[in-house]
Amino acid sequence: MRYLVLTDIHANVEALDACLDDAHRRGYDAALVLGDVVGYGADPNAVVERIIALAPAAVVRGNHDKVAAGLEDAEGFNAVAKAAALWTQDALTSGHRDWLATLPAGPSLVDAAVEICHGSPYDEDAYVFDAVGAARALRSARQPICLFGHTHQPVVFEQSAKGTRLAASGETRVRLRAGGKYLVNPGAVGQPRDGDPRAAYALLDIDRRTLDLIRVSYPVADAQEKIRKAGLPEALALRLATGR
Ligand code: ZN
């Protein structure tokens, strides 16, 4: 089984299409979506349509999806995120808003090896940035491979008898040891924040025990242009160019 892993797409259809094209070329069996389908970008409806068409084996909601669906207010958001959330609520068709509202909270078990969540397996909104946070998250994880998003940083944490460590980050291939426990973030499709503006996603091959953290160039200027035209905050357009 080879999984396409997507998270933090954030209504960036240019980035999503580039990832889907690349993944189609490489080949996969099923898709997993770890939340934040919308919020920040200018194409929430097109992105929701693409995800529905993918028919993911599992999908969980993100914090931005909850606000866009009207399940939570935007009080915890900063001014830019809040402005984008309100714009997104307005832009979504009622059908797409309903679809977002039905997305389950993580964690969701996918198969005997894999589970998915948005922030962490103990709290869907918690951020896991470092090995200490990863150790806590892995104590709650029920499967040997736990996939998460939310931080927009592509990272692999590995737990062994020696403890929990950062095993990889950025664009790379990781071989997953039998008996190891892993917490994996594929990085953000639609709003990378690790200084690399290319879209990020992952391919996880359960049988070969390989994980590829992949980066793909996409037409950033087109996504920026749409953000400006939509009247969304300029900061959201600017950050796409720097990947911050
Ligand atoms: Zn996000």
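Presented here is a report on the structure given in the accompanying data block.

Rules and cut-offs
Residues numbered from 1 in each chain as written. Predicted model: local features only at pLDDT ≥ 70, side-chain atom pairs only at ≥ 80, totals over all residues. Heavy atoms only, no water. 1 Å grid on protein atoms, 1.4 Å probe; cavity = no way out; pocket = protein on both sides within 12 Å on 5 of 7 lines; lining within 4 Å. Points joined across faces, edges and corners; volume = space filled by probe spheres on them. Nonpolar A, V, L, I, M, F, W, Y, C, P; charged D, E, K, R; others polar. Buried < 20%, exposed > 50% of the residue type's maximum accessible area, 1.4 Å probe, protein only. Helix = DSSP H or I, 4+ residues; strand = E, 2+ residues; numbered from the N terminus. Arc of directions from axis to C-beta. Contact = heavy atoms within 4.5 Å. Pairing = 2+ DSSP bridges. Phe/Tyr/Trp six-rings, centres within 6.5 Å; stacked < 30°, edge-to-face > 60°. Lys NZ or Arg CZ within 6 Å of the ring centre and 35° of its normal. Salt bridge = Lys/Arg side-chain N within 4 Å of Asp/Glu carboxyl O.

To continue, consider the layout of surface pockets. Its boundaries defined by the atoms lining it, the largest pocket holds a volume of some 200 Å³. Along the wall of the largest pocket there are 17 residues; nearest its centre are Asn63, His64, Phe77, Tyr127 and His150. In the lining of the largest pocket, the residues fall into 5 nonpolar, 6 polar and 6 charged.

Every buried residue belonging to helix 8 (residues 234–242) is among Leu236, Ala237 and Leu240, and all of these are buried. Take helix 8 and look down its axis: the buried residues cluster within an arc of 100 degrees, on one side only. Contacts from the buried residues of helix 8 go to helix 4 (79–91) and helix 7 (220–230). Looking one or two residues past helix 8, Gly243 carries a phi angle of roughly 65 degrees, positive in sign.

Under the criterion given, the structure shown has 2 cavities of 30 Å³ or more. Here the largest cavity defines a volume of roughly 50 Å³. What lines the largest cavity is simply His10, Asn12, Tyr40, Gly41, Gly190, Gln191, Ile227, Leu236 and Leu240. Residue composition of the lining of the largest cavity, by class: 4 nonpolar, 5 polar and no charged. Lining the second largest cavity are Ala11, Asn12, Val13, Glu14, Gly41, Ala42, Asp43, Ala223, Lys226, Ile227 and Leu240. Listing elements by their share of the lining of the second largest cavity, those giving two or more residues are helix 1 (13–26) and helix 7. If one sorts the elements of the lining of the second largest cavity by residue count, helix 7 sits on top with 3 residues. Taken together, the residues that form the lining of the second largest cavity break down as 6 nonpolar, 2 polar and 3 charged.

Take the sheet that holds strand 6 (residues 145–147) next. Ordered by their spatial adjacency, 6 strands build an open sheet running 4-5-6-10-7-8, and the pairing between neighbours is mixed. Both outer strands of the open sheet, strand 4 (108–109) and strand 8 (163–169), are each paired with one neighbouring strand and no more. As paired elements, strand 4 and strand 5 (residues 114–116) share 2 bridges and run antiparallel to each other. Looking at strand 5, one finds that Ser108 is bridged to Ile116.

Next up on the list: the packing of aromatic side chains. By the definition in use, this model includes 1 aromatic pair. Aromatic pair Tyr127 and Phe129: ring centres 5.7 Å apart, planes at 5 degrees, arrangement stacked. On the basis of relative accessible area, Tyr127 is assigned to the partly exposed category, the value being 44%. Judged by relative accessible area, Phe129 falls into the exposed class, the value being 54%. The ring of Tyr122 carries the charged tip of Arg136 above its face, separated from the ring centre by 4.0 Å.

A few words now on the pattern of salt bridges. Opposite charge on two side chains lets them pair, provided their charged atoms get close. Counted under the stated rule, the structure contains 18 salt bridges. For Arg165, the salt bridge identified is with Glu158, shortest N-O distance 3.0 Å. Among the ionic pairs, Asp194 bridges to Arg215, the shortest N-O distance being 2.7 Å. With a gap of 21 residues between them, Asp194 in the loop between strand 10 (181–185) and strand 11 (199–205) and Arg215 in strand 12 (residues 210–216) connect regions that are remote in the sequence.

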